[in-house]
Amino acid sequence: MGPPLPRPFAMPASADLSAPDLSAPATAPATATGTGTGTGTAAAAAAATAATAAAATTALPPAASRQRARALLLGLQDSICAGLEGLDGEGRFQEESWVRPEGGGGRSRVMKGGRVFEQGGVNFSEVEGKELPPSILSQRPEAAGQPWFATGTSMVLHPRNPYVPTVHLNYRYFEAGPVWWFGGGADLTPYYPFLEDAQHFHRTLKGACDSVDPAYYTVFKPWCDEYFFLRHRAETRGVGGIFYDYQDPGGLLYKGQDPDGPAAAAGRASGAIQQDWEKLFALATACGNAFLPSYVPIVERRDAIAYGERERQFQLYRRGRYVEFNLVFDRGTIFGLQTNGRTESILMSLPPLVRWEYGYKAEPGSREALLTELFTRPQNWLEDPSLAEICRPHQAIG
C-alpha cells in the first residue's frame, strides 16, 4: 500500500444528539434498486408536502404520546447497552446525565477501550423549547410559533477489528403543537466487507419493517442510500440500511429532498398508505428491537479474524469519511448545535482515532478496492445474484 502511513490523528471523545435529523439531505446517487421516473418535480414534491402537513394537523397524537415515546426510547437504550456489554465481555458503558438549560436533558452512555469496541456511545435525550431552529422550519413551516418537544435514542459503535463494521442507529419522535412525526433508521459501514454481512443486516431490518407494513422497506432502503451519501466523494457512507423521517398521518412515505431519485420513485409506486400514531410507534419498536439481531451475529463472525497494520491503517483512513459526513451533512448534528444541545453528546459519533491521506488510491483488485468500488455504491443486496460473483474472488463471501 505504498510508503509508511502517518500516525493517526486523535479525535476528541465525543453519537449525535438523539433528536430529529433536520438539515437538507444530500442529492441521491444512482442505485440498483430503481431509477427516478422524471415525473417527481419539485412542484409536485412541494404539493405533496403541503398535503401531508394538512393531514398531519388533523390527527393529534394520543394523550400520553410523549411518555410512551420516552419509555420506548429509554428502554431501547437500556436493552442495547446490556446486549453490547455482553457481546464485548470486558467494556462497560459509563453513564453521564445532563440537563439542557432551555428545557430537557438526557443521559449519555459511552464505552471506551473495550475488547470489541474501541469506542461507542448510546445516547438518550429529550429536549424542548419555544423557538424552533431554522433547520426544522424550512421543512415544516406550519410548526412556526409552536413550543416543541423532541426525544430520541442514538448510537454509534467503532470496533477495533477492521473486519467488524461500524454501525449507527437513531430513532426519534418530535412534537410541535398539532405537528408530530417519527423518524429513524440504522446503517452499516464496513471497512473489509463481506456480502453475507450486508445481506444479513438488510434482511433483518426488512423483516422488522415488513412486520408493520411491506411498503416500508421498499422506500426506506433507497432513502437510506440517498441520505448517507457524501456528495463531495460521490459515494455512500457504507452499505446502508433504512432511513425515514417526517412520518405522520399524511401517508406519503418519502419526504426527502430528491423528487426524481429512486426513493421518491419507490414512494410513488407504493402510493399513499394509511398511517397513524400507533402504527408508526409499532414501526419504531420493531426496528429498534431489530438492532441487536441485525448486528451481533456479524460481530461474532468477524471479530476473531486476524489483521495487521495494513488493515488497521485502511480502517482509520475510511473512518475519515465517517467524520466528514457527520460534520458536514448529518441533520442530527446540525439540529443539536442549533438548539444548544450538549456538545460532547452531539459529537460522540466521531471515532477516537482517524486519519486522512492526500490522493489515496486503493490497489486495483484488492479488498480495499472492492470496498470503494462496490460497497460504497447503492446495491440491491437481497436480490442481485451478480454480487456474489464479484465478491467471491476477493474472499468477501463466507
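This text goes with the structure placed above it.
Rules and cut-offs
Residues numbered from 1 in each chain as written. Predicted model: local features only at pLDDT ≥ 70, side-chain atom pairs only at ≥ 80, totals over all residues. Heavy atoms only, no water. Buried < 20%, exposed > 50% of the residue type's maximum accessible area, 1.4 Å probe, protein only. Helix = DSSP H or I, 4+ residues; strand = E, 2+ residues; numbered from the N terminus. Pairing = 2+ DSSP bridges. Contact = heavy atoms within 4.5 Å. Axes fitted to C-alpha atoms, helices over the stretch in contact; angles between N-to-C directions.

## Things to note about the pairing of strand β7 (residues 179-189)
Right, so step 1: Counting buried positions along β7 gives 11 out of 11 residues, so the element sits mostly inside the fold.
Right, so step 2: Going residue by residue along β7, you find Val 179, Trp 181, Gly 183, Gly 185, Asp 187 and Thr 189 tucked away on one face and Trp 180, Phe 182, Gly 184, Ala 186 and Leu 188 tucked away on the opposite face as well.
Right, so step 3: Pairing of strand β6 (residues 166-176) with β7 involves 11 bridges; the strand directions are antiparallel. Each residue of the ladder has a partner; that of Asn 170, found in β7, is Gly 185.
Right, so step 4: Once β6 ends, the chain turns through 2 residues before running back antiparallel as β7, passing Gly 177 with a positive phi of about 60°.
Right, so step 5: Taken together, the 6 bridges between β7 and strand β10 (residues 240-247) define a ladder with antiparallel strand orientation. By the bridge assignment, Gly 184 is partnered in β10 with Tyr 244.

## Overview of helix α12 (residues 367-375)
Right, so step 1: In terms of burial, α12 is largely enclosed, as 7 of its 9 residues are buried.
Right, so step 2: Buried residues of α12: Arg 367, Glu 368, Ala 369, Leu 370, Leu 371, Leu 374 and Phe 375, and no others.
Right, so step 3: Tucked into the core, α12 has its buried residues touching α4 (195-210), β9 (235-236), α9 (309-328) and α13 (386-391).

## Looking at the sheet that holds strand β4 (residues 117-129)
Right, so step 1: Ordered in space as β2-β3-β4-β5-β6-β7-β10, the 7 strands form an open sheet in which the pairing is antiparallel. The sheet is open, and its two borders are formed by β2 (94-99) and β10, each paired with just one other strand. Averaged over all adjacent pairs, the angle separating strand axes in this sheet is 5°, with direction ignored.
Right, so step 2: Against the sheet, α4 makes contact with β6, β7 and β10, and its axis sits at roughly 30° relative to β10, the strand it touches most.

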